[in-house]
Amino acid sequence: STTYATFYAMYFSSCDNNMIIRNNKVSSPSGGGGMYFTGCEGAAGLPINVYNNFIHAGGAATCYGMYFTTSTDMNIWHNSIHVTGTAAISRCFNATGAGVIKLAVQNNVLANTGGGQTFYIVTAALPGLSVSNYNNLYSTGANIAFWDAALVPTLADWKIASGKDANSVSAN
């Protein structure tokens, strides 16, 4: 078995308005990630829609369910993301960089049973998570998320720190 830290089952670059990514089952069992988005730019009224996907990322190397950089106007709905990777920086949903704008994340299952976080949102990407609600955020690790520059231990703490996910739950 080979471990790939930079492998992504689906890699999207320079995507444009009204693109639909749906009904996929992807797995990256030896590190890497499920879906990677860079330079994907929807527009008002013509967002990029990512929905009804099942994503698994695992192994001993760093892994991500979904990774976003320089991406705008996206709806991420009704996806199931299961991260089993045991690396300390394995995450279900990772957003980084000031170019991440207007991501709407609703009705998803983000489960990290490898001990990492469900959400990892760095300081520059804070405005990017415009909506997040009605999700199931579950982690077996000590912290459910990372927001701004701090680890966030519980769903209640996440709701306070981020101002998001008022109607979300954390259930195995």
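Refer to the preceding data block for the structure.
Residues numbered from 1 in each chain as written. Predicted model: local features only at pLDDT ≥ 70, side-chain atom pairs only at ≥ 80, totals over all residues. Heavy atoms only, no water.

Along the backbone of the protein there are 1 helix and 17 strands. The C-alpha atoms of the protein give 14 Å as radius of gyration, which agrees with the globular expectation for 172 residues (16 Å, within 12%). Overall size of the protein, expressed as C-alpha extent along the three principal axes, is 40 × 40 × 25 Å. Among the 172 residues that make up the protein, the fraction classed as buried is 53%. Counting only carbon and sulfur atoms, one obtains 53% of the accessible surface of the protein, whose full area is about 7200 Å². Positive and negative charge centroids in the protein, built from 6 and 6 side chains respectively, lie 9 Å apart. (Helix = DSSP H or I, 4+ residues; strand = E, 2+ residues; numbered from the N terminus. Rg over C-alpha atoms; globule rule 2.2 N^0.38 Å. Buried < 20%, exposed > 50% of the residue type's maximum accessible area, 1.4 Å probe, protein only. Areas by Shrake-Rupley, 256 points an atom, 1.4 Å probe, with all protein chains shown as cover. Lys, Arg positive; Asp, Glu negative; His and termini not counted. Charge placed at Lys NZ, Arg CZ, Asp CG, Glu CD.)

Our focus in this paragraph is the packing of aromatic side chains. Per the counting criterion, the structure on display carries 11 aromatic pairs. Relative to Y36, the ring of Y11 has its centre 4.8 Å away and its plane inclined at 5°; by these criteria the two rings are stacked. A residue pair is termed long-range when its members are at least 10 positions apart, and Y11 in strand β1 (residues 8–13) and Y36 in strand β4 (residues 32–38) qualify at 25 residues. For Y36, a relative accessible area of 15% translates into the label buried. Pairing Y64 with Y67 gives two aromatic rings, centres 4.9 Å apart and planes at 75°, and the pair type is edge-to-face. (Phe/Tyr/Trp six-rings, centres within 6.5 Å; stacked < 30°, edge-to-face > 60°.)

A few words on unusual backbone geometry. With a phi close to 55°, S14 is a non-glycine residue in the positive phi region. With respect to the element layout, S14 can be found in the loop between β1 and β2 (20–22). For S14, a relative accessible area of 55% translates into the label exposed. The backbone of Y134 sits at a positive phi, close to 60°, despite the residue not being glycine. As for its position among the elements, Y134 is in the loop between β14 (129–133) and β15 (136–139). When its relative accessible area of 47% is taken as the criterion, Y134 is described as partly exposed.

Let's shift gears to the sheet that holds strand β16 (residues 145–148). Think of a sheet as strands paired side by side through backbone hydrogen bonds, with each pair either parallel or antiparallel. Strand order in the open sheet formed by 7 strands is β1-β4-β7-β10-β13-β16-β17, with mixed pairing between adjacent strands. Each end of this open sheet is capped by a strand with a single partner; those strands are β1 and β17 (150–152). Sheet twist, expressed as the mean angle between neighbouring strand axes with direction ignored, is 15°. Examined bridge by bridge, strand β7 (residues 63–69) and strand β10 (residues 91–96) share 5 bridges and lie parallel to one another. Its bridge partner lying in β10, Y67 is registered against N94. This element, helix α1 (residues 155–162), spans β13 (117–122), β16 and β17 of the sheet and lies at about 15° to β16. (Pairing = 2+ DSSP bridges. Axes fitted to C-alpha atoms, helices over the stretch in contact; angles between N-to-C directions. Contact = heavy atoms within 4.5 Å.)

Pairing within the open sheet is parallel, and its 5 strands lie in the order β2-β5-β8-β11-β14. Taken across any chain shown, the strands that pair with only one partner, and hence form the sheet edges, are β2 and β14. Pairs of neighbouring strands in the sheet enclose a mean axial angle of 10°, with direction left out of account. Sheet topology note: the strand β5 (residues 48–51)/strand β8 (residues 72–77) ladder contains 4 bridges and is parallel. Each bridged residue has a counterpart across the sheet, and for I48 the counterpart in β8 is M74.

On to the pairing of β13, then. Judged by how many residues are buried, β13 sits mostly within the fold: 6 of 6 residues are covered. Pairing of β10 with β13, which is carried by 4 bridges, proceeds in the parallel orientation. Bridged to R91 within β13 is Q117. In terms of strand pairing, β13 meets β16 through 4 bridges, oriented parallel. Within β16, the residue paired with Y120 across the bridge is F146.

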